[in-house]
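Residues per chain, in single letters:
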Amino acid sequence: MRERAVRMYRTAEPKPQIKKLAVDLGVHPEALRGWIRQAETDAGERDDRLTTDERA
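Residues numbered from 1 in each chain as written. Predicted model: local features only at pLDDT ≥ 70, side-chain atom pairs only at ≥ 80, totals over all residues. Heavy atoms only, no water.

Side note on the pattern of salt bridges
How we decide: By convention in these notes, a salt bridge is any Lys or Arg side-chain nitrogen within 4 Å of a carboxyl oxygen on Asp or Glu. For the purposes of this entry, the term helix denotes a DSSP run of H or I that reaches at least four residues, the term strand denotes a run of E that reaches at least two, and both are numbered from the N terminus. The classification of residues rests on relative accessible area computed with a 1.4 Å probe and restricted to protein chains. Under 20% of the type maximum is buried, over 50% is exposed, and intermediate values are partly exposed.
Inspection of the entire model under this criterion finds six salt bridges. Across the salt bridge formed by Glu30 and Arg33, the nearest N and O atoms sit 2.4 Å from each other. Here Glu30 and its partner Arg33 are both found in helix 3 (residues 29-42), three residues apart, which amounts to about one turn of the helix. We classify Glu30 as partly exposed; its relative accessible area is 46%. Between Arg46 and Asp48 there is a salt bridge, with the nearest N and O atoms lying 2.8 Å from each other. A residue is classified by how much of its surface remains accessible, and Arg46, at 27% relative accessible area, is partly exposed.

As for the environment of Lys20
With respect to the helices and strands, Lys20 occurs in helix 2 (residues 18-25). Here the alpha-carbon distance between Lys20 and Ala56, two residues 36 residues apart in the chain, equals 31 Å.

Some thoughts on the confidence of the model for the chain
Under the convention used in this document: For every residue, the predictor states its confidence as a pLDDT score lying anywhere from 0 to 100.
Looking at the chain, the pLDDT average stands at 95 and 100% of residues meet or exceed 70. By mean pLDDT, the top-scoring element of the chain is helix 3 (97), and the lowest-scoring one is helix 4 (residues 52-55) (94).

What about the nonpolar core?
Test applied: For our purposes a nonpolar core is just a set of buried Ala, Val, Leu, Ile, Met, Phe, Trp, Tyr and Cys residues, chained together by side-chain atoms within 4.5 Å. Residues are treated as being in contact if the distance between any of their heavy atoms lies within 4.5 Å.
The biggest cluster of nonpolar side chains holds eleven residues, and these are Ala5, Val6, Tyr9, Ile18, Leu21, Ala22, Leu25, Val27, Leu32, Trp35 and Ile36. Those elements that provide at least two residues to this core are helix 1 (2-11), helix 2 and helix 3. By residue number, the principal contributor to this core is helix 2, which donates four residues. Among all residues touching Ala22, those that are not within four sequence positions of it are Val27, His28, Pro29 and Leu32.

Re unusual backbone geometry
The omega torsion of the bond from Glu13 to Pro14 falls at -5 degrees, within 30 degrees of zero and hence cis. Assignment of secondary structure puts Pro14 in the loop between helix 1 and helix 2.

Some words on the packing of helix 1 against helix 3
Put simply, the rule reads: The axes used here are C-alpha line fits, helices contributing only the stretch in contact, and every angle between their N-to-C directions lies in the interval 0 to 180 degrees. Any angle that falls under 35 degrees is termed roughly parallel, while one over 145 is termed roughly antiparallel, one within 65 to 115 roughly perpendicular, and all others oblique. Under this grouping Gly is polar, as are all residues other than the nonpolar Ala, Val, Leu, Ile, Met, Phe, Trp, Tyr, Cys and Pro and the charged Asp, Glu, Lys and Arg.
Axis separation between helix 1 and helix 3 bottoms out at 10 Å; the angle between their running directions is 80 degrees. Viewed along their axes, helix 1 and helix 3 adopt a mutual orientation that is roughly perpendicular. Each of Arg2, Ala5, Val6, Tyr9 and Arg10 in helix 1 lies in contact with helix 3, whose residues at this interface are Leu32, Trp35, Ile36, Ala39 and Glu40. Among the residues forming the contact of helix 1 with helix 3, the class breakdown is seven nonpolar, no polar and three charged.

Below is the structure:
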């Protein structure tokens, strides 16, 4: 579910509002926002968080 939700957000043009996409998917907007941030970190697009590997 997480991977699908993040992929839907990242591949959409124009970028959808996180709140609307979260409602459409039935998840909390802050959960979706966190998933997106973590995916960006793991992809090397952000450096303000630990990657999933670093957390493990």
